[in-house]
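Observations on the model geometry
Okay, here's what each chain looks like letter by letter:
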Amino acid sequence: MSQFTSQDLNLSRAEAAERSRTVTVHDYHVSLDLRTALQDPEAGFTTRSIITFSAVPGSSTFLDFVGRSVQRINLNGRDLPVEQLYRGARISLPELAAENQVIVTATGEYSRSGEGLHRFVDPADGKIYLYTQYEPADARRVYPNFEQPDLKGRYSFEVIAPSEWRVASNGAEVSVQPLSSTPELSRWSFAQTEPISSYITCVLAGEYSYFSSSWSGTVLPDGGSLAIPLGAYCRASIKESFDAETIFELTRKGLDFFHSVFGYPYPFGKYDQAFVPEYNLGAMENPGLVTFTDDYVFTSRATDIQYQQRANTLLHEMAHMWFGDLVTMQWWDDLWLKESFADFMGTFAVAQATDWGNASWVSFANRRKAWAYRQDQLPTTHPIVADIVDLEAAKQNFDGITYAKGASVLKQLVAFVGEDAFFSAAREYFSKHAFGNTTLKDLLVELSAASGRDMSDWSERWLQTSGISTLSVSVTADDGVLGSVRIEQEAMDPVTARNADRPHLLRLGCYTFDSTGALALTESHSLDLDGASTEVTALQGVAQPDLLLLNDEDLSYAKVRFDDHSLQTVLTSLDRLNDPLARVLCWSTLWNMTRDAVLPAASYVEAVRRFAPAESGVGILSNLLETASTAVESFTPLAQRSDLREELLGTIAEQLKLAVAGSDLQLAWFRALAAVSRNSTGQLGLLRQLLDGEGPIGLQIDTDPRWQIWRALAANGLAAPAELEAELARESNSRALVGFTVAMAARPEAEVKAQAWNSTWQDGSLSNELLSATISGFLLGPEELREEYRSRYFAQIGEIWASRSIEIASRIVGELFPEQDAQPGLALEQQPVVVLATEWLEANAEAPAALRRIVIEGLDNLRRALRAQLG
Ligand SMILES: [Zn+2]
């Protein structure tokens, strides 16, 4: 790669705004020659962009391209000197005319990091698969372009690839012609797209299996009909596990639903969905060709909650066809305009358009909100409408604020303005801004018009502040009769250090034991909270309920604290609440208290041991077992940890044996057994039995469970390399290879850890997926084995940040942040890793902000765990 400065790579908001003032893009014709993908990937691939655009006459600008080399730059019929104009990330374009055509021919590189054009060889059968992934700015790793969301263009793609491959792009296939010189290669041409941003363009090529179907329906507002061809792709080696019909059925339900609420016909022709290997994220909303991780093709038995999460992702991406693809944020500050909406709409659509119904909102409260609460309490939190100065900052912002908090706040918005006004605003927004770019104010105008309310105060207080309100219920009661019930709001904005209380429209549920012993809802009050303290006068003089559940129905976004009486009820009788959403909200409160060191971790684990066996929802149960395990490993003092862990494991092993044969719950108990056993030898005998096929009836121990067991055995030093190799030979596919890589690095030996450490930092050929697998293995086994790497971590992160792609560097720096148990007798700030991290931050004030952000978050997570351990 040529020399270039990191500023060239890290496009700033100011530069993007300037370029946007200078040029208007018309269309792109992009040709990719992928013939080297088969035999000679090291050679890279030939790429050519022909771009027509208008410009301010006499001005200059630049294209983005990150690749091996540029061969030719031709502007308006003139060849320009490549050496002078290409610096390795940007191509300068001087002396522009009013109307321009630029042709750039270059050589790009195949990716192993999931950024740009990723190339994967399937270990199951040696077949080759390519796909692209660009957000926020990696189209420039595949073809020269103006890489920013508000320079939309119409794209025509053309691809040369082996004739027996399948090739797809955003637009429909127009023609496939064998090359006359080399008929084993063919040229695919694809229909020109509508105006779209570069980050959602896409190409897929390889020996994919393909399935097809269709959707048709009536489209508002004119009542006309629309037909959409549907396609689905996955690798040949997993096609037997691919339930394409289920995917199509859900897709059709989604298209019915979104057309009914958005009232704007899907504008991108076909709707293909490709499930691809080694994918960096859940899915990406490329119009006409959505890409998903192929972890969503369940090759091992999956539970209902996994299917529900997949449905949520599918509908999230579909919502993006309108929020994001049709109408796009101007710059990454308003990333929430698409992600918060898609996250909210995905959950809403699962609730409205599928059989899961309200279980969708239970999952939202259970997992999505927990993510938001966690992220919003980090020192790096930010407003939903963020201040994103450059691309590195944009990359870090695909976080719990932009997705989960944004979606939670939209749920509150819908409660505030009503569903009708919300969708009517959305319809106006789509028709007014179709194929354009927007900012916050464009949406507020429509919301205000549709709801008849001035939205500026609401938006400022919810979207432009940071942090989370804590709402505490305090009660006085006399002889079972309520005196006063007050709700206190504490809301410090951690960014501005100012009070930032918010208006909350929410419900207070009153639950009392009925004659069957169940906690039944007896009254529910709608509250309009604003300010620091609110008296609930309606409850004065009534009999004290056994549980006052604030934010019942989960309409608002806040941390809740129980009054004392309610806390006692929850800790003794949580299993008596029949409503799963109410139960999840109580669990969420207990978990937040544990993380805040208000409730001892042991009490949380005790509650899980006591009530989880009665839990009937697999999503809730899985989450409880994961948080209980975190409570043990991160929030419990070392001296008590092993006893608490064995108690938890005892409950898990017992419940595994009692669970209904073949049920999701049985599988959830098994997964917890394998996960907690990474740090314990207590149940390894049982795990061995399961591996040998002698376990509880109905429990299916296929690829994933087998490797979950091997991981636990390896971490405890009970898996020899020869055994792991024999297991891999038994079934050699991509998931097995990941399992094998984790288990090999999990072995508790100094040389094994050294090898895993070195390949993580030095082996640039490791793919994104195998890199993370190596790191996961490294992190298993006793902490003493990793002590020597603490200072090496801080010595090496600056260098790795500068030398690796942001995806890979973020994984290494984020996943390897050193862990540490609290050393008794040392104050928090004297704990060794706290000292090292603090010193690094002081000495590296000038380090890239995105790198500092990861270290600051790692340190804050550590401090939180240590605080709970120190008590
Ligand atoms: Zn999204």
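Here the structure is a predicted model, which is why all the values come from computation and not from measurement. (Residues numbered from 1 in each chain as written. Predicted model: local features only at pLDDT ≥ 70, side-chain atom pairs only at ≥ 80, totals over all residues. Heavy atoms only, no water.)

1. Overview of the overall build of the protein chain
Across its full length, the protein chain holds 29 helices and 30 strands. In terms of principal-axis extent, the alpha carbons of the protein chain reach across some 90 × 70 × 55 Å. Counting over 871 residues, the protein chain shows a buried share of 61%. The contacts in the protein chain between residues at least 6 apart in sequence include a share of 72% that link residues at least 24 apart. Total accessible area computed for the protein chain in this model is approximately 31,800 Å², and 49% of it derives from carbon and sulfur atoms. Of the side chains in the protein chain, 72 bear a positive and 114 a negative charge, and the two mean positions are spaced by 2 Å. (Helix = DSSP H or I, 4+ residues; strand = E, 2+ residues; numbered from the N terminus. Buried < 20%, exposed > 50% of the residue type's maximum accessible area, 1.4 Å probe, protein only. Contact = heavy atoms within 4.5 Å. Areas by Shrake-Rupley, 256 points an atom, 1.4 Å probe, with all protein chains shown as cover. Lys, Arg positive; Asp, Glu negative; His and termini not counted. Charge placed at Lys NZ, Arg CZ, Asp CG, Glu CD.)

2. Description of the pattern of salt bridges
All chains considered together, the criterion is met by 56 salt bridges. In this structure, Asp387 engages Arg13 in a salt bridge whose closest nitrogen and oxygen atoms are separated by 2.9 Å. With Asp387 in the loop between α8 (359-376) and α9 (391-396) and Arg13 in helix α2 (residues 13-22), this residue pair connects regions lying 374 residues apart in the sequence. Among the residues examined, Asp387 registers a relative accessible area of 56% and is labelled exposed. Salt-bridge contacts for Lys405 lead to Asp376; the nearest nitrogen and oxygen are separated by 3.0 Å. (Salt bridge = Lys/Arg side-chain N within 4 Å of Asp/Glu carboxyl O.)

3. Points about the nonpolar core
Judged by nonpolar contacts, the single largest core of 154 residues is most densely connected at Ile73, Phe146, Phe258, Trp322, Met345, Phe422 and Phe430. Looking at this core, the element that brings in the most residues is helix α7 (residues 336-353), giving 10 residues. Two domains each donate at least three residues to this core, and these are domain 1 (6-207) and domain 2 (328-462). (Core = buried A, V, L, I, M, F, W, Y, C linked by side-chain atoms within 4.5 Å. Domains from an automatic or database assignment.)

4. A look at the UniProt feature "domain: Aminopeptidase N-like N-terminal" (unreviewed entry) in the protein chain
With numbering aligned to this structure, UniProt lists the feature "domain: Aminopeptidase N-like N-terminal" (unreviewed entry) at residues 107-200. Regarding residues 107-200, the helix share stands at 0% and the strand share at 41%, and the terminal C-alpha atoms are separated by 21 Å. (UniProt positions renumbered as here; feature names shortened; annotations may be inferred.)

5. Focus: the packing of helix α14 (residues 564-573) against helix α15 (residues 580-595)
Where α14 contacts α15, the two axes come as close as 11 Å, and the packing angle between them is 105 degrees. By the angle between their axes, α14 is roughly perpendicular relative to α15. Here Leu567, Val570 and Leu571 of α14 lie close against α15, whose contacting residues are Cys586, Leu590 and Met593. Tallied by class, the residues present in the contact of α14 with α15 amount to six nonpolar, no polar and no charged. (Axes fitted to C-alpha atoms, helices over the stretch in contact; angles between N-to-C directions. Parallel < 35°, antiparallel > 145°, perpendicular 65-115°, else oblique. Nonpolar A, V, L, I, M, F, W, Y, C, P; charged D, E, K, R; others polar.)

6. Re unusual backbone geometry
Here Glu135 and Pro136 are connected by a cis peptide whose omega angle stands at 0 degrees. Its place among the elements puts Pro136 in the loop between β9 (128-133) and β10 (154-162). In the Ramachandran plot, Ala497 falls in the positive-phi region, its phi being about 60 degrees despite a non-glycine side chain. Within the secondary structure, Ala497 is located in the loop between β24 (492-493) and β25 (498-499). In the Ramachandran plot, Asn551 falls in the positive-phi region, its phi being about 65 degrees despite a non-glycine side chain. Take Asn551: it is sitting in strand β29 (residues 547-552).

7. Description of the sheet that holds strand β30 (residues 559-561)
Taken in spatial order, the four strands make up an open sheet running β28-β23-β22-β30, and their pairing is mixed. Of all the strands in the sheet, just β28 (533-535) and β30 have a single pairing partner and so form its edges. On average, adjacent strands in this sheet sit at an angle of 20 degrees to one another, irrespective of strand direction. (Pairing = 2+ DSSP bridges.)

8. Quick word on the environment of Leu785
Tracing the chain through its elements places Leu785 in the loop between α25 (768-778) and α26 (789-803). The exposure class of Leu785 is buried, given its relative accessible area of 18%. Between the C-alpha atom of Leu785 and that of Leu599, which follows or precedes it by 186 residues, the distance is 31 Å. Apart from residues no more than four positions distant in its own chain, Leu785 is found in contact with Pro748, Glu749, Ala750 and Lys753.

9. Observations concerning the pairing of strand β19 (residues 289-293)
When you tally the buried positions in β19, you get five out of five residues, the bulk of the element. Pairing between strand β17 (residues 271-276) and β19: five bridges, direction parallel. Each residue of the ladder has a partner; that of Asp272, found in β19, is Leu289. Where strand β18 (residues 283-284) and β19 come together, two bridges link them in antiparallel fashion. The residue of β19 that forms the bridge with Met284 is Thr291. Turn length for the β18-β19 hairpin, with the two strands adjacent in sequence and antiparallel, is four residues, and the turn residue Gly288 shows positive phi of about 80 degrees.

10. Points about helix α22 (residues 721-730)
Taken residue by residue, α22 has Leu724, Glu727 and Leu728 as its buried positions. For α22, the arc enclosing every buried residue in end-on projection is 100 degrees, short of the 170-degree limit, so these residues lie on one face. Exposed residues lying more than 90 degrees from the buried face of α22 are Ala722, Ala729 and Arg730. Its buried side turned inward, α22 meets α21 (703-715) and α23 (734-746). (Arc of directions from axis to C-beta.)

11. So, the sheet that holds β29
Within the open sheet, the three strands sit side by side as β27-β26-β29. Their pairing is antiparallel. Strand pairing shows two members of the sheet lacking a second neighbour, β27 (519-529) and β29, which therefore form its edges. Mean inter-strand twist for the sheet, computed between neighbouring axes without regard to direction, equals 25 degrees. Where strand β26 (residues 504-513) lies against β29, five bridges are found, and the strand directions are antiparallel. Following the sheet pairing, Cys510 is matched in β29 by Leu548.

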